[in-house]
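# Structure assessment
Below are the chains, spelled out letter by letter.
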Amino acid sequence: PDRYFTDGLARSRGAGETLRNAPTVIGSAFNRWFYWDGRRDSLWAQALIPFEAADEMGRSRVGVLRTVAEDKDYRAAYEALFGAFPADVLDRVEAAEAGPFGESAMRDAWHRIPLADQRELNAAYANLGKAIAAYERTLLPQPARFDRYVRALAEDRRPAKGDRLGRDEVAGAKLFIDAARTQCLQCHNGMLQTNGEFHNIGTGNFSGDRMDFGRVFGLRAVLMDEFNCVGPYSDAAPEDCGEIRFLNRDSHIPLQGAFKTPSLRGLAATAPYFHDGRFDSLAEVIDHYVDPPAPEVAGPHELR
């Protein structure tokens, strides 16, 4: 909590080291896309990935469901929320670990499960994500000094002494909202100070062992995800899934090397910065924008 639910690492660690920095989950109830590349379109679908990701928990779909089945407290909590747990279906699966991802033995065991049973297991697995998402939705940003300062100005009163901005802070605010000089508001706007969309600022990794192309593959992943908004395990009506139904898939959109704009909420507590945690300080971040990488080095990007 003291880090806005981040871990303070450049790249997060689970069973192994991941390629990316952990963004805050504060205010994630209001996000449209999840992960730096937007590979998931709901908080509950996002919550399912770490279970099966090799560098995070390294489990399998069946293995996770077995954990719930064998723990009386988990099982009771599940059934109180969602009804009967599919223990009979789970009992028919011979392998301890089975799922569509992970080691070949896990994948082979999953594909031996009849499709009707797979669907029941998937539905139970989706419910676990929905339970986690229900908790994460309670993690809301609280008013900061900046919010209290703005409210005082909006109400035409003098901010309380502890809420006033210093001279440098006021100068920074003027730069931040000056579109002719900085364009900060183009991406960092709204309640969470993010537009929730994807931008190429010259930080893609197109070679080496930390290769990361960003949104270009995240777009494909979210469309293929069986747990997306229009999938069979979603509780949403089709008309509530406008983001994915009308997703712009035009190839001319510069998606390669584009990553989701992070929230500026809790910024002082969520270092290191950028999708791969490459910068330890906000001063380094500002330097990147003032002197962006050359396109011939970083590829085409939006900064100028």
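Reading the values: the criteria
- Residues numbered from 1 in each chain as written.
- Predicted model: local features only at pLDDT ≥ 70, side-chain atom pairs only at ≥ 80, totals over all residues.
- Heavy atoms only, no water.
- Helix = DSSP H or I, 4+ residues; strand = E, 2+ residues; numbered from the N terminus.
- Buried < 20%, exposed > 50% of the residue type's maximum accessible area, 1.4 Å probe, protein only.
- Phe/Tyr/Trp six-rings, centres within 6.5 Å; stacked < 30°, edge-to-face > 60°.
- Lys NZ or Arg CZ within 6 Å of the ring centre and 35° of its normal.
- pLDDT = per-residue confidence, 0-100.
- Axes fitted to C-alpha atoms, helices over the stretch in contact; angles between N-to-C directions.
- Parallel < 35°, antiparallel > 145°, perpendicular 65-115°, else oblique.
- Left-handed = near helix turned anticlockwise from the far one by under 90°.
- Contact = heavy atoms within 4.5 Å.
- Nonpolar A, V, L, I, M, F, W, Y, C, P; charged D, E, K, R; others polar.
- Patch = residues over 30% accessible without salt bridge, like charges linked within 9 Å, V, L, I, M, F, W, Y side chains within 5 Å.
- Areas by Shrake-Rupley, 256 points an atom, 1.4 Å probe, with all protein chains shown as cover.
- Salt bridge = Lys/Arg side-chain N within 4 Å of Asp/Glu carboxyl O.
- Lys, Arg positive; Asp, Glu negative; His and termini not counted.
- Charge placed at Lys NZ, Arg CZ, Asp CG, Glu CD.
- Polar contact = N/O pair within 3.5 Å; in protein donor to acceptor, adjacent residues only side chain to side chain.
- Disulfide = S-S within 2.5 Å.

On to the overall build of the protein chain, then. Helix and strand counts for the protein chain come out as 12 helices and two strands. Starting at the N terminus and ending at the C terminus, the protein chain contains elements arranged as α-α-α-α-α-α-α-α-β-α-α-β-α-α. Reported as C-alpha extents along the three principal axes, the dimensions of the protein chain are approximately 70 × 50 × 40 Å. Of all 304 residues assigned to the protein chain, the portion counted as buried reaches 43%.

Across all of its chains, the model carries 10 aromatic pairs by this definition. Ring plane angle 45 degrees and centroid distance 5.2 Å describe the contact between phenylalanine 206 and phenylalanine 213, whose orientation is recorded as tilted. Owing to a relative accessible area of 19%, phenylalanine 213 belongs among the buried residues under this scheme. Geometry around tryptophan 44 places lysine 130 over its ring, the cationic atom sitting 4.8 Å from the centre. The ring of tryptophan 33 is capped by arginine 215, whose NZ or CZ atom sits 4.8 Å from the centre of that ring.

This part covers the confidence of the model for the protein chain. When pLDDT is averaged along the protein chain, the result is 94, and 99% of the positions lie at 70 or above. Per-residue pLDDT, averaged within each element of the protein chain, yields its smallest value for helix α12 (residues 295-298) (87) and its largest for helix α6 (residues 115-136) (98).

Right, let's get into the packing of helix α2 (residues 61-70) against α6. At a minimum axis distance of 10 Å, the contact between α2 and α6 shows a crossing angle of 70 degrees. In this view, α2 runs roughly perpendicular relative to α6, as classed from their interaxial angle. For the crossing formed where α2 meets α6, the hand is left-handed. Facing Arg61, Val62, Val64, Leu65 and Val68 of α2, the residues of α6 in contact are Leu121, Asn122, Ala124, Tyr125 and Leu128. Partitioning the contact of α2 with α6 into residue classes produces eight nonpolar, one polar and one charged.

Let's shift gears to a negative patch on the surface. Taken together, the side chains of Asp280, Glu284, Asp287 and Asp291 define an acidic patch exposed on the protein surface. Within the element layout of this structure, aspartate 287 appears in helix α11 (residues 282-290).

Looking now at unusual backbone geometry. Looking along the chain, the bond that leaves alanine 271 and enters proline 272 is cis, with omega of -5 degrees. Summarising the element assignment, proline 272 is placed in the loop between β2 (259-260) and α11. For glutamine 183, which is not glycine, the phi torsion reads 60 degrees and is therefore positive. Tracing the chain through its elements places glutamine 183 in the loop between α8 (167-176) and β1 (198-199).

The next thing to look at is the side chain of histidine 301. Looking at where histidine 301 falls in the secondary structure, it is placed in the segment after α12. In this structure histidine 301 comes out as buried when scored by relative accessible area, which is 17%. A distance of 2.7 Å separates a polar atom in the side chain of histidine 301 from the backbone oxygen of proline 293. Setting aside residues no more than four positions away along its own chain, histidine 301 makes contact with Asn200, Ile201, Gly202, Pro292, Pro293 and Pro295.

All right, on to the packing of helix α1 (residues 43-52) against α6 then. Helix-helix packing is described using two parameters, namely the angle between the two axes and the distance between the axes. Two elements in contact, α1 and α6, have axes separated by 7 Å at closest approach and are oriented at 115 degrees. Of the possible angle classes, the one that applies to α1 and α6 is roughly perpendicular. Crossing angle aside, the handedness with which α1 passes α6 is right-handed. Here Leu43, Trp44, Gln46, Ala47, Leu48, Phe51 and Glu52 of α1 lie close against α6, whose contacting residues are Tyr125, Ala126, Gly129, Lys130, Ile132, Ala133 and Glu136. Residues of the contact of α1 with α6, tallied by class, amount to nine nonpolar, two polar and three charged.

This brings us to the environment of phenylalanine 51. Topologically, phenylalanine 51 is positioned in helix α1. Distance from phenylalanine 51 to glycine 63, taken between C-alpha atoms, is 9.3 Å for residues 12 residues apart in sequence. Setting aside residues no more than four positions away along its own chain, phenylalanine 51 makes contact with Met57, Gly58, Arg59, Ser60, Val64, Tyr125 and Ile132.

If you walk through the whole model with that rule in mind, you get one disulfide. At a sulfur-sulfur separation of 2.0 Å, the disulfide partner of cysteine 229 is cysteine 241. Because the torsion about its S-S bond is -70 degrees, the bridge between cysteine 229 and cysteine 241 counts as left-handed. Here cysteine 229, found in the loop between α9 (215-224) and α10 (242-245), pairs with cysteine 241, found in the loop between α9 and α10; they are 12 residues apart in sequence, far enough to count as distant. Left unpaired, cysteine 184 is separated from the closest cysteine sulfur, that of cysteine 187, by 9.0 Å. Overall, the relative accessible area of 24% leaves cysteine 184 in the partly exposed class.

A few words on the side chain of serine 28. Along the chain, serine 28 falls in the segment before α1. When near neighbours in sequence (up to four residues on either side) are disregarded, serine 28 contacts Phe34, Leu43 and Glu136.

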